[in-house]
Amino acid sequence: MDCSRLLMLGLLLNLSHCTEILEDDGDGGSEVEVQSDPVAVLGEEVYLRCLYHGNAYITGSAWKRHRGGRVHRLAGFTNGTAFRRSTATLSFPASPTNLTVRMRVSGVDVEGEYVCVFESQDREFNKTVNLQVHVRPQTHLSLTAEMDNGTHYQSVRCSAEDGKPRAQIDWLINNRPPVKDYFSIERSDSPGRIGVSSAASILRFPTHLQDEGNVTCVVRHPTLASPVSTTVSVETFVAPRVSVQAEMRQRQEEEEEEEEEEDYWRVSCVASGGRPETLVSLVTTASDDEEEEPRRENGTDAGTSVYRLPVRAYEGRNVSCVFTQPKLAGPQTRTLQLPSFSLSGVRLLSEPVNELQASLELEEGQRDVSIGLEAVGNVPRYALFCQKAEASALPGGVAVVGSALTFQAPVGLLHEGLYVCEASYYRHRATVQINITVRPRPVLLPPSISLDLRSGPSGREVQCSAVGANPAATLSWSLPEGVGAVPSPSASSPLPDGRRSVRGALALGTACFPRPLAVGCVIHHPLFPTPEYRSVAIPLCAPPNISLSSREEWRGGEEYTVARCRVVSVATAATVTWRLGGGADGGDGVEIDDLEGVEVRTEEGQRVGLEVTALSTLRLPTSLYSGRRLSCEAGGHQERQHLLLPSLGAPVLNVSMGPGESDLWQAVCDSQAEGVEANLSWVLPAGSRGQQSRQSWTHGRTVRTRLTYRFALSSHEGDALTCLAEYRRRGSDKRTVHIPKYYISSLRVLNHTTRMKASHSGGRCVLRLSLHKSLPGQRILFEVEGNVPTHSITCQSSDGSFVKLEGDALAFPTGVEGRDEGLYTCLASFYHHQAELRLRVEVSSQDPQLANLVLICVPSASAAAVVLAVALWVFCKLNPGARSKKQETSALTALVRPLSSPEKSKALVRRPDSQHLGGYCIVSDVKSTV
């Protein structure tokens, strides 16, 4: 019974222990930390994280995986040594308690459960990690087009292949989803190998309804950081611009020799800018008796169809172009009416009144007679046929050339008669009758020619006559250049014997010319092989009288030279020309039309009898053309007048600086220039607040300008002030003045003084000076140390009253009294620079000899005491045992002070290695007299 109880107790204890072990082995408890359900991407790396946080001693750890009924140890630690399986894609773990490894995902087969195990001496901790593998899909985009029931469709196929999990595919058109009803989307999925799948989507639409040129496929997948967009360009249709045009063409014989020459209409049906190509057809209405199909031309431009329509069949008819294209709302028709033609008659170009009958008279023996004919109507061209009424053809030597009936042989009596000429264009016809008569040849007689120059109340006149000619001669005039006379019409008169006389006149008026000229009369007659020429000379004019004057005027601060040229000429006003040379011997020079700053004003000429006065005024800047030679001349003549422009010197610029008024300094800029006023300005540092004043005055042609700048010395001390002078048309100049940097370092007394202790003067330095009561004419001399050019010294006694100084000295001419004793405050100043001196004056009644003795003996005794004290101090320093003597010497050393500055004294104290002797002096408070 006892044994059974012990057995039951052991079983219970064992069962409890096994349960605890199973619970710990199941999830590892809180001692094991893993990353839950990591996700990896094929071809990339992933970290499997597993750490042990418990207190048990880990003897071994490993990543395990169950495959094919077996457990594979992939990587871990055994007996403190890291290992990994040679075929595994895991890295070595960091430590037995940190099994975090890096895995290269090389295939989908690595997906599954991985167990992280930590082993101790008495138990095992583990946790399971479920690794998921995603596969990034491959995106493909393709475009196809097709015709369906006469409509053009496009299909865009987008596929995301071999992805895990399945990818999502969307469409975008112009960054918006395709929501219109004419878009259709077909989606499909297909499983692939080793757990991957492929998704596809097809977007289909009619091309004529979709106006956007790009379609975008958007693929979304967990392996993509952002959606992948792929864009493809799709075809779009564009509505064409349609029109119809017609132009007439005349077919040439060389184009098509086998066919009869015929005019035709070239009708163009134009559809430009459309996509796809527009279908074009032509609809015509022709006459029933001459119906002929239009013929289409080959090799025309895309979108344009050209047809040929014979003019005889389609004159005045309507033609229509019909355009068909997907972007057009049905067939579009454009209609054009072709013009109609007519012929109303034929007229002679010489007699346009009668278009049905005309009469012409020709002279026997005439050659190359041409009778121009013109058809009246709107036909583009016509054919002309002529014949003589009595015969079926034209006489010899007569033919139709172009649009004229031409008599090529000399006209004879056989050419008289009625001629009928017909103009035709297809069915349009018109005729005209021409009655030609031939006049017998007359007897030719040459004229008698005369040419005279006559003077009358209205001036000169040239008369030309050709008398006794048969037929009458014709007159014309030959005028030289510059002669503006207008001839009167020629007058013809018959003589009793049938001959004729012709007279002409040319009125010259009062005109005359500066050079020899001749007027010619030209006579034409059939008996003259070449025209006869007669001439008469025109009298010369007197030379012009030129006067030139000048004056000066000022405008805008600049001197101008105003020249006035007066030219008196005969008959006609002279043209005044100005020229500018280089100097007194500068030659003719150049014309002043394009020169800078030159103004010319010309007044209208005034006529008195035969004399005409021309006035011209010229204004130019004197400084710009200084020393040049100005010429005035009359156009076409050699006469001229000259004047020499004034020569101007170079401008002079000076600057100066110094004290001014009212405690201000001033910088003065002076400019002196001839013929121009300077524009002065100071170039000052930033923030300058001085005052500027400008003065200008003129003496003759010299202008003096002054610009004064007044300022406080403290604002520009040490600065450089620059004066800039600008001279109109003469450049610029500048000068610089430097303001010195002044200072007053101190005010000192040249008399013998002593320094009082600081306690006597409230911490400020005070000098002591003794004056003897019984000595008259005593003076206290001051000296200012610094670089100021001048200074002023003022002294104020302790009661606040100012003391009168003689120069740089405080004088006591009548002797010193007790009321002169006290503290004096003296101030040396130069504008804002100052130095102060505090001086205590004491009145002494001691004998001067005794004072001198004290001055000599006391310093000597003091020097001996100093030497003794220094020797004693050195002895104490060299003998450390004599510490008790330091107290005895302290009273003596307190009476001395170093000669060097307090800073140097501090430096000596801070240097413990300094064993050298220092220099000291005893302050002696000695009263002295001057």
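All of these numbers come straight from a predicted model, not from anything done at the bench.

Novice: So what's going on with the overall build of the protein chain? Which residues, and what values?
Specialist: Within the protein chain, the secondary structure is distributed over six helices and 65 strands. Across the 930 residues in the protein chain, those meeting the buried criterion constitute 36%. Of the roughly 53100 Å² of accessible surface on the protein chain, a fraction of 49% belongs to carbon and sulfur atoms.

Novice: Lay out the side chain of Ser424 in plain terms, naming residues and giving numbers.
Specialist: Looking at the secondary structure, you find Ser424 in strand E31 (residues 417-425). Ignoring any residue separated from it by four or fewer positions in sequence, one finds Ser424 in contact with Leu343, Tyr382, Ala383 and Arg429.

Novice: So what's going on with the pairing of strand E13 (residues 168-172)? Which residues, and what values?
Specialist: Residues Ile169 and Trp171 line the buried face of E13, whereas the alternating positions Gln168, Asp170 and Leu172 sit on a face that is not buried. In this sheet, strand E16 (residues 214-220) lies alongside E13 in antiparallel orientation, the contact comprising five bridges. Bridge pairing in E16 links Asp170 to Val218.

Novice: Give me the lowdown on the state of the cysteines, citing residues and values where you can.
Specialist: Per the stated rule, a full pass over the model turns up eight disulfides. Disulfide partner of Cys669: Cys723, at an S-S distance of 1.9 Å. Since a negative S-S torsion denotes a left-handed disulfide, the Cys669-Cys723 link at about -75° is left-handed. In this pair, Cys669 sits in strand E49 (residues 665-674) while Cys723 sits in strand E53 (residues 720-727), placing the two residues 54 residues apart along the sequence. The same class applies to Cys669 and to Cys723, which are both buried.

Novice: For the packing of aromatic side chains, give the residues involved together with the corresponding values.
Specialist: Evaluation of the coordinates by the stated rule reveals 14 aromatic pairs. Considering the side-chain rings of Phe341 and Tyr425, the 5.9 Å spacing of their centres and the 80° angle between planes classify their relative orientation as edge-to-face. Of this pair, Phe341 sits in the loop between strand E24 (332-337) and strand E25 (343-348) while Tyr425 sits in strand E31, and the two are 84 residues apart along the sequence. Ring geometry for Trp665 and Tyr831: centres 5.9 Å apart, planes at 70°, overall edge-to-face. One end of the pair, Trp665, is in strand E49; the other, Tyr831, is in the loop between strand E62 (822-830) and strand E63 (833-844), and 166 residues separate them in sequence. Residue classification places Tyr831 among the partly exposed positions, given a relative accessible area of 30%. Linked through ring pairs, Trp265, Phe341, Tyr425 and Tyr426 together constitute an aromatic cluster. Its end group placed over the ring of Tyr153, Arg204 keeps NZ or CZ at 4.0 Å from the ring centre. Sitting above the plane of the Tyr560 ring, Arg555 keeps its charged end 5.4 Å from the centroid.

Novice: Please set out the sheet that holds strand E50 (residues 679-683) residue by residue, giving values where relevant.
Specialist: With antiparallel pairing, three strands are arranged side by side in an open sheet as E50-E53-E54. Two strands in the sheet have a free side with no partner beyond their single neighbour: E50 and strand E54 (731-738). Looking at each pair of strands side by side, their axes are set apart by 20° on average, direction ignored. In this sheet, E54 lies alongside E53 in antiparallel orientation, the contact comprising eight bridges. Residue pairing across strands places Tyr727 opposite Gly731, the latter belonging to E54.

Novice: Can you lay out the pattern of salt bridges for me, pointing to particular residues and giving the numbers?
Specialist: According to the stated counting rule, one finds 38 salt bridges in the structure shown. Here Glu532 makes a salt bridge to Arg534, at a shortest N to O gap of 3.2 Å. The class of Arg534 is partly exposed, set by a relative accessible area of 32%. Its salt-bridge partner being Glu599, residue Arg619 comes within 3.4 Å of it at the nearest N-O pair. Here Arg619 is found in strand E45 (residues 611-621), whereas its partner Glu599 is found in strand E44 (residues 599-608), with 20 residues between them in sequence. Residue Arg619 is classed as buried on the basis of its relative accessible area of 14%.

Novice: How would you explain the pairing of E16 if you had to name every residue and give the values?
Specialist: Extensive coverage of E16 is indicated by the burial of five of its seven residues. Strand direction decides the pairing type here: E16 and strand E17 (residues 228-233), joined by six bridges, are antiparallel. Its bridge partner being in E17, Cys217 is matched across the sheet by Thr230.

Novice: Please give an account of the sheet that holds strand E19 (residues 263-272) that cites residues and values.
Specialist: One open sheet accounts for four strands, arranged E18-E19-E22-E21; its pairing is antiparallel. The open sheet terminates on both sides in strands that have one partner only, identified here as strand E18 (241-250) and strand E21 (295-296). Bridging between E21 and strand E22 (residues 304-310) involves two bridges; their strand directions are antiparallel. Across the sheet, Arg296 pairs through a bridge with Tyr307, a residue of E22.

Novice: Mind laying out the nonpolar core, listing which residues take part and the relevant values?
Specialist: As a rule of thumb, soluble globular proteins bury nonpolar side chains together. By size, the foremost hydrophobic cluster in this structure holds 45 residues, and its most contacted members are Leu309, Leu373 and Phe407. For this core, the element with the most residues is strand E32 (residues 428-439), which contributes five residues. Leu373 has contacts with Val346, Arg347, Leu348, Leu349, Tyr382, Leu384, Cys386, Ser403, Ala404, Cys421 and Ile434, leaving out every residue within four places of it along the chain. In this structure, Ala667, Ile780, Phe782 and Cys795 belong to the second largest nonpolar core, which totals 44 residues.

Novice: So what's going on with the side chain of Ser623? Residues and values would help.
Specialist: Among the secondary structure elements, Ser623 is positioned in the loop between E45 and strand E46 (629-634). Among the residues examined, Ser623 registers a relative accessible area of 9% and is labelled buried. Those residues in contact with Ser623, other than ones at most four positions away along the chain, are Glu558, Glu559, Leu648, Gly675, Arg728, Arg729 and Arg730.

Novice: Tell me what's going on with unusual backbone geometry, and back it up with residues and numbers.
Specialist: Cis rather than trans, the peptide bond between Arg275 and Pro276 has omega equal to 5°. Tracing the chain through its elements places Pro276 in the loop between E19 and strand E20 (279-284). Backbone torsion omega between Asn470 and Pro471 reads -5°, so that peptide bond is classified as cis. By secondary structure assignment, the location of Pro471 is in the loop between strand E34 (459-469) and strand E35 (474-478). Despite not being glycine, Asn149 has its phi angle at roughly 55°, a positive value. Looking at the element boundaries, Asn149 is found in the loop between strand E11 (138-148) and strand E12 (151-163). Positive phi, close to 55°, is recorded for Tyr426, a residue that is not glycine. Assignment of secondary structure puts Tyr426 in the loop between E31 and E32.

Novice: Describe the environment of Tyr425, naming the residues involved and giving the relevant values.
Specialist: For Tyr425, a relative accessible area of 3% puts it in the buried group. Here the alpha-carbon distance between Tyr425 and Leu343, two residues 82 residues apart in the chain, equals 8.2 Å. Leaving out residues up to four positions away in the same chain, Tyr425 has contacts with Met248, Asp263, Val311, Phe341, Leu343, Val379, Pro380 and Arg381. At 2.9 Å, the side chain of Tyr425 forms a polar contact with the side chain of Asp263.

Novice: Give a detailed account of the confidence of the model for the protein chain, specifying residues and quantitative values.
Specialist: Caution is warranted with low-pLDDT regions, since their predicted coordinates should not be read in detail. Taken over all residues, the pLDDT of the protein chain has a mean of 81, while the share at 70 or more is 84%. Across residues 16-26, where pLDDT falls below 50, the model places eight contacts with residues more than four positions away in sequence or in other chains. Confidence drops under a pLDDT of 50 for residues 881-930, and excluding neighbours within four residues, the segment shows 49 contacts in the predicted structure.

Novice: How would you sum up the environment of Pro685? Please name residues and give values.
Specialist: When you line up the elements, Pro685 lands in the loop between E50 and strand E51 (691-699). Classification of Pro685 as partly exposed rests on a relative accessible area of 29%. C-alpha of Pro685 to C-alpha of His716: the two residues are 31 residues apart in sequence and 8.3 Å apart in space. Those residues in contact with Pro685 that sit more than four places away from it in its chain are His716, Asp719 and Leu721.

Reading guide: rules and limits
Residues numbered from 1 in each chain as written. Predicted model: local features only at pLDDT ≥ 70, side-chain atom pairs only at ≥ 80, totals over all residues. Heavy atoms only, no water. Helix = DSSP H or I, 4+ residues; strand = E, 2+ residues; numbered from the N terminus. Buried < 20%, exposed > 50% of the residue type's maximum accessible area, 1.4 Å probe, protein only. Areas by Shrake-Rupley, 256 points an atom, 1.4 Å probe, with all protein chains shown as cover. Contact = heavy atoms within 4.5 Å. Pairing = 2+ DSSP bridges. Disulfide = S-S within 2.5 Å. Phe/Tyr/Trp six-rings, centres within 6.5 Å; stacked < 30°, edge-to-face > 60°. Lys NZ or Arg CZ within 6 Å of the ring centre and 35° of its normal. Axes fitted to C-alpha atoms, helices over the stretch in contact; angles between N-to-C directions. Salt bridge = Lys/Arg side-chain N within 4 Å of Asp/Glu carboxyl O. Core = buried A, V, L, I, M, F, W, Y, C linked by side-chain atoms within 4.5 Å. Polar contact = N/O pair within 3.5 Å; in protein donor to acceptor, adjacent residues only side chain to side chain. pLDDT = per-residue confidence, 0-100.

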